[in-house]
Structure formats: structure tokens, C-alpha cells
Amino acid sequence: MKHRKTVLSLLLTAALLLGSAAAVGGGADDPLISLDYLQTVFAPKAESAAQERLDASGQAAYAAQEARWRAAVASVDAAGGGDTAAAESVGVWTEARLKRGDTLTGVTGTQVSVLAGDVAVRIYSGAAVDATDGVELRSGASLPLRHRCLAAEDAAVEFVVTSRTAVLNYCGGYHFTASTAEPDYNAIASALKSLSLFRGTDTGYGDGFDLERTPTRLQALVMLIRMLGEEDAALACTSPSPFKDIANNHWGRAYVAYAFEKGYTNGVEDNKFAPDRAASADMYVEFVLRALGYSSTAQTDISDAADRAMAVGVITSGEREALLANDFLRADVAYLSWYALGAPLPGTLQTLHEKLEAAGTFTASAYESALARVRSPRL
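Note that the structure is a prediction, hence the values are computed from the model and not measured. Within each chain, residue numbers correspond to sequence positions counted from 1 in written order. Only residues with pLDDT of at least 70 get local features here, since the model is predicted, and only at 80 or more are side-chain atom pairs given and counted; chain-wide, interface and lining totals rely on the full set of residues. With hydrogens and water set aside, each side-chain value is computed from the structure's full complement of heavy atoms.

Student: Can you tell me about the overall build of the chain, naming the residues and giving the values?
Tutor: Under the DSSP-based scheme used, a helix requires at least four consecutive residues in state H or I and a strand at least two consecutive residues in state E, with every element numbered from the N terminus. Secondary structure summary: the chain contains 13 helices and eleven strands in total. Residue burial in the chain is summarised as follows: out of 379 residues, 49% are buried. Note that accessible areas follow from Shrake-Rupley with a 1.4 Å probe, and for residues the cover is restricted to the protein chains shown. When the accessible area of the chain is evaluated, it comes to approximately 17600 Å², of which 52% is carbon and sulfur surface. Only protein chains enter the accessibility calculation, which uses a 1.4 Å probe; a residue is then buried when its area is under 20% of its type maximum, exposed when over 50%, and partly exposed in between.

Student: So, the side chain of Thr165: which residues are in play, and what are the values?
Tutor: Its place among the elements puts Thr165 in strand E10 (residues 165-171). Under the relative-accessibility criterion, Thr165 is labelled buried at 3%. Within the structure, Thr165 has its side chain in polar contact with the side chain of Glu212 (distance 2.7 Å). Note on definitions: a residue-residue contact is assigned when non-hydrogen atoms from the two residues lie within 4.5 Å. Here Thr165 is in contact with Arg97, Leu98, Lys99, Gly117, Asp118, Tyr185, Asn186, Leu211, Glu212 and Ala331, once residues within four sequence places are set aside. Distance and chemistry together define a polar contact, namely a pair of N or O atoms within 3.5 Å, with one atom able to donate a hydrogen and the other to accept it when in protein, and with adjacent residues in sequence counting only for side-chain atoms on both sides.

Student: For the sheet that holds strand E7 (residues 135-136), give the residues involved together with the corresponding values.
Tutor: Across the sheet, six strands lie side by side as E2-E10-E4-E8-E6-E7; this open sheet has antiparallel pairing. Each edge of the open sheet is held by one strand with a lone partner, namely strand E2 (94-99) and E7. Two strands are said to pair when DSSP picks up at least two bridges between them. Direction of pairing for strand E6 (residues 128-130) relative to E7: antiparallel, over a ladder of two bridges. Bridging across to E7, Asp130 finds its partner in Val135.

Student: Account for the packing of aromatic side chains, with residues named and values stated.
Tutor: Here a pair means two rings of Phe, Tyr or Trp (six-membered ring of Trp) with centres within 6.5 Å. Their orientation is stacked below 30 degrees between planes, edge-to-face above 60, and tilted elsewhere. Tallied over the full model, the rule gives 13 aromatic pairs. Relative to Phe176, the ring of Tyr174 lies with its centre 5.6 Å away and its plane at 65°, an arrangement referred to as edge-to-face. For the pair Tyr174 and Phe176, one class covers both residues: buried. The structure contains a cluster of three or more aromatic residues connected by ring pairs, namely Tyr170, Tyr174 and Phe176.

Student: Describe in detail the packing of helix H8 (residues 281-292) against helix H11 (residues 330-340), supporting the description with residues and values.
Tutor: Angles shown run from 0 to 180 degrees and are taken between the N-to-C directions of axes, each axis being a line fitted to C-alpha atoms and, for helices, limited to the stretch in contact. The interhelical angle for the contact between H8 and H11, taken along N-to-C directions, is 20°, at an axis separation of 11 Å. It follows that H8 is roughly parallel to H11 by the angle criterion. At the point where H8 passes H11, the crossing takes the right-handed sense. Contact residues: H8 offers Tyr284, Val285, Val288 and Leu292, while H11 offers Val333, Leu336, Ser337 and Ala340. Note on residue categories: nonpolar means Ala, Val, Leu, Ile, Met, Phe, Trp, Tyr, Cys or Pro, charged means Asp, Glu, Lys or Arg, and polar means any other residue, Gly included. Class assignment for the residues of the contact of H8 with H11 results in seven nonpolar, one polar and no charged. Angular relationships are summarised with four words: roughly parallel below 35 degrees, roughly antiparallel beyond 145, roughly perpendicular across 65 to 115, and oblique for the angles in between. Each crossing gets its hand from how the near helix is turned against the far one by less than a right angle, where anticlockwise is left-handed and clockwise is right-handed.

Student: Provide a residue-level description of the nonpolar core, including the pertinent values.
Tutor: Side chains of a nonpolar character, in soluble globular proteins, are inclined to be buried together. Remark: nonpolar core denotes a set of buried residues (Ala, Val, Leu, Ile, Met, Phe, Trp, Tyr, Cys) joined through side-chain atoms within 4.5 Å. Counting residues in each nonpolar core, the largest one holds 65 residues, and the members touching the most others are Tyr284, Trp338 and Leu341. Only helix H4 (185-194), helix H5 (217-227), helix H7 (253-262), H8, helix H9 (305-311), H11, helix H12 (352-358) and helix H13 (364-373) provide two or more residues apiece to this core. With nine residues, the top contributor of residues to this core is H8. Beyond its immediate chain neighbours, meaning those up to four positions away, Tyr284 contacts Ala220, Met223, Leu224, Phe328, Val333, Leu336 and Ser337. In terms of nonpolar packing, the next biggest core, distinct from the first, is built from 23 residues, Val119, Ala151, Tyr170 and Phe176 among them.

Student: I'd like to hear about H11, residue by residue, with values.
Tutor: Along H11, eleven of the eleven residues are buried, which leaves the element largely enclosed by surrounding structure. Buried residues of H11: Arg330, Ala331, Asp332, Val333, Ala334, Tyr335, Leu336, Ser337, Trp338, Tyr339 and Ala340, and no others.

Student: With reference to specific residues and values, describe the environment of Tyr339.
Tutor: Within the secondary structure, Tyr339 sits in helix H11. On the basis of relative accessible area, Tyr339 is assigned to the buried category, the value being 14%. When the C-alpha positions of Tyr339 and Arg378 are compared, they lie 8.9 Å apart, and in sequence the two are 39 residues distant. For Tyr339, the contacting residues outside a window of four places in its chain are Ile188, Glu319, Val374, Ser376 and Arg378.

Student: Summarise the pattern of salt bridges; cite the residues concerned and give the values.
Tutor: When a carboxyl oxygen of Asp or Glu is within 4 Å of a side-chain nitrogen of Lys or Arg, the pair counts as a salt bridge. The final tally for this structure, using the stated rule, is 16 salt bridges. A salt bridge links Arg97 to Glu212; its shortest N-O distance comes to 2.6 Å. Taken as a pair, Arg97 in strand E2 and Glu212 in the loop between H4 and H5 lie far apart in primary sequence, 115 residues in all. Of the charged contacts, one joins Arg100 and Glu182 as a salt bridge, the two residues approaching to 3.7 Å between their closest N and O atoms. On the criterion of sequence distance, the pair formed by Arg100 in the loop between E2 and strand E3 (103-106) and Glu182 in the loop between strand E11 (174-177) and H4 is long-range, its members being 82 residues apart. Judged by its relative accessible area of 24%, Glu182 is partly exposed.

Student: Quick one: what's the story with the side chain of Ser241, residue by residue and with numbers?
Tutor: As for its position among the elements, Ser241 is in the loop between helix H6 (231-235) and H7. At a separation of 2.9 Å, a polar atom in the side chain of Ser241 contacts the main-chain carbonyl oxygen of Phe243.

Student: Quick rundown of H7? Include the residues and the values.
Tutor: Counting buried positions along H7 gives seven out of ten residues, so the element sits mostly inside the fold. Those residues of H7 that fall on the buried side of the exposure criterion are Arg253, Ala254, Tyr255, Val256, Ala257, Tyr258 and Ala259. For H7, the elements touching its buried residues are H5 and H6.

Student: How would you summarise the environment of Ala96 if you had to cite specific residues and measurements?
Tutor: Following the sequence through the fold, Ala96 ends up in strand E2. Spatially, the C-alpha atoms of Ala96 and Tyr205 are 9.2 Å apart, while their sequence positions differ by 109 residues.

The values reported here are purely geometric and, on their own, carry no functional implication.
Now the structure itself:
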């Protein structure tokens, strides 16, 4: 009788955990875990696993596993890293912007939903479930975007960010371990935002930074102008559009006309700007070189922009290699813009951030505060 009560208690715990998943919503495009899966797969496995634990002194094994998890958490906390929440916090959802290598360790009932970027699951024991599709996840699999996934019975599970940035929603018992080896593009974007040099989009998550997206040429140009502290001047520009694919009533007309007059851009072929074309690394690096004074629109071959930028100290060799090896994203725009602030201007000892401070774009103390936000290594 005692065994039956304990098994029933464990099954009720599982039901409550899944009930908490239902409490946070669902819809036609985000269905909750299927009843069939609960009845034919999850419940029998949970009951079987619970009975096995009881029959083979499972309570002691479970306690030992939990003790190992808590010991690992304590070890990381003692080293001054990570963030932990008790399992009792089920139902309280939290959103976080993460970087490659950041890891969330979960226990039974931990739930996650990836809003942007790539996150993989590592299963050491027990199981992890895609509650949206009602299927088990295999270890090493990437989590589908906007699916609700959870650590199931007696689970030891890690959720690891594999893309340069990601946005994760999570609840339940967890422990975060932050990577210290990767650039923190999120902190860089936040630092730029604190100086009013970077803004998000209307995306309702991740501060609207959208660092995982490919920028368009027009978005990249606007971000460059903003980074240079020249947005007010650009918006005050009344010159007509110099390109036939930017109408005079286009929202980007003032930015493009201003950039044309400043020598930041001369457009593309056939007197067009191609505002919706994907921006490339070469294009944005060339934008930065022109804005700093190391290049001009007379430079029509931009295929070696990264090489020229490295030669004058605007980017490092590691950054050059990364730009050539990866897709160009808004994360790269923020990264290049941030480190351009510390680049020397040609023929002077002055850096770009010192020039902007002298112009009143932001104060020296504001820049020092922004610097404190970025603690990750440069490539």
C-alpha cells in the first residue's frame, strides 16, 4: 500500500508539472502535449520508472542523483558563476538573452522555450519531451523554435546555446552556467543602447535587439549613422533621394540622402541603393572605414574591406576570420560598431569615442559605464 501511495504521488507530481505547462497557454499553432502521449507513453514510463526506483532502493538513488546535481551547482556558485532557482519556482517564466556556450541545467519539471537562436539538449538520464508536438527529444537535438520542452521523469538534462546568441524562456528548477570564452554580443548591444547608439526593433522579446537576424542594407546604414551619433543630422536632411529605388516618401529617404552626401554610400548597380538586400560583412566594414575616414566612395571594390580594416587596426585578425567564416548578422553590426568606438582616427591620436564625447553625443563617464557592461573577450 505504501508503494502504491508513493507511485501515485510521483504520478500526481508529473501531472502537476504538465498542468503548469498548460497554465502558461497554448493555441492552434502551439498545441500542448497530446492526451494520447500522456496516456500511452509518458504515464506508463513514469509509473514504471517510479516502481523500479522503489523496488531497487530507488529513493536512495534519486536522492543521490539530486545530491550530485546540488553539489555541482554549489561548486559553480562557490566559483562565483551561474544562477540557480529552486524546483519550487515551476510556473514562473523568465526570459534571458544568452550567448554560445551558456548552459541551463534542468531537473524534472524544468521547462524551456527557444524564442530565437539555436539551443541543443543533452540528456544524461531520464527523458526530455517536446510538449508542443508530444514527442521525446533525442540527446543532441536542436530545440524547435517556440516549442515548449521539458525535463521529464528523473531527468538530468542540459540545454546548451549553440548559436552566437539566443533568447530563451524558462521556468522550474534550473542552474545557469555562463560561458566566458565567447564574445557577449548581448552585452555589447546593451552597452551601445545605453549610449543611444543602438536601438531594437518592434520584436516583443529579447529587448528587440534581433541579433540573430540578417540586417538589410538600409538597416545596416541606419545603425551605422546612429552609431556615429549623426541620426538627428540625418533626419534633418531635406535632400531628395539620390537613388531610384528609394522614393522621396520612403521612410529611409533622409538616412540614405544624408549618407550619400557624407560619402558613406554610393549605392549599387543601376543607380539603386537596394534597401532590402541583405547586408554583407564587406559592405558594413566598408561603411565603417568610410565613416572613420579610412576610405571613401571612390573605393568601388569592397571585397578586401576586411583586409584593409585589419591593416589600419579597426578589426583584429580574429575578427577578420570570423567575418569570413560566419553569416553576417545584426550581432556582427553591434560588435563592429562597438569596437569601432575605440578605433583610432586617421592622422590623429583621437579615437572615435573621444570624438563623439567632444561633440556631446555622450559623456566620458557614460562611455566608461558602457565599457563596464562588456566583460567578454574580443576575437
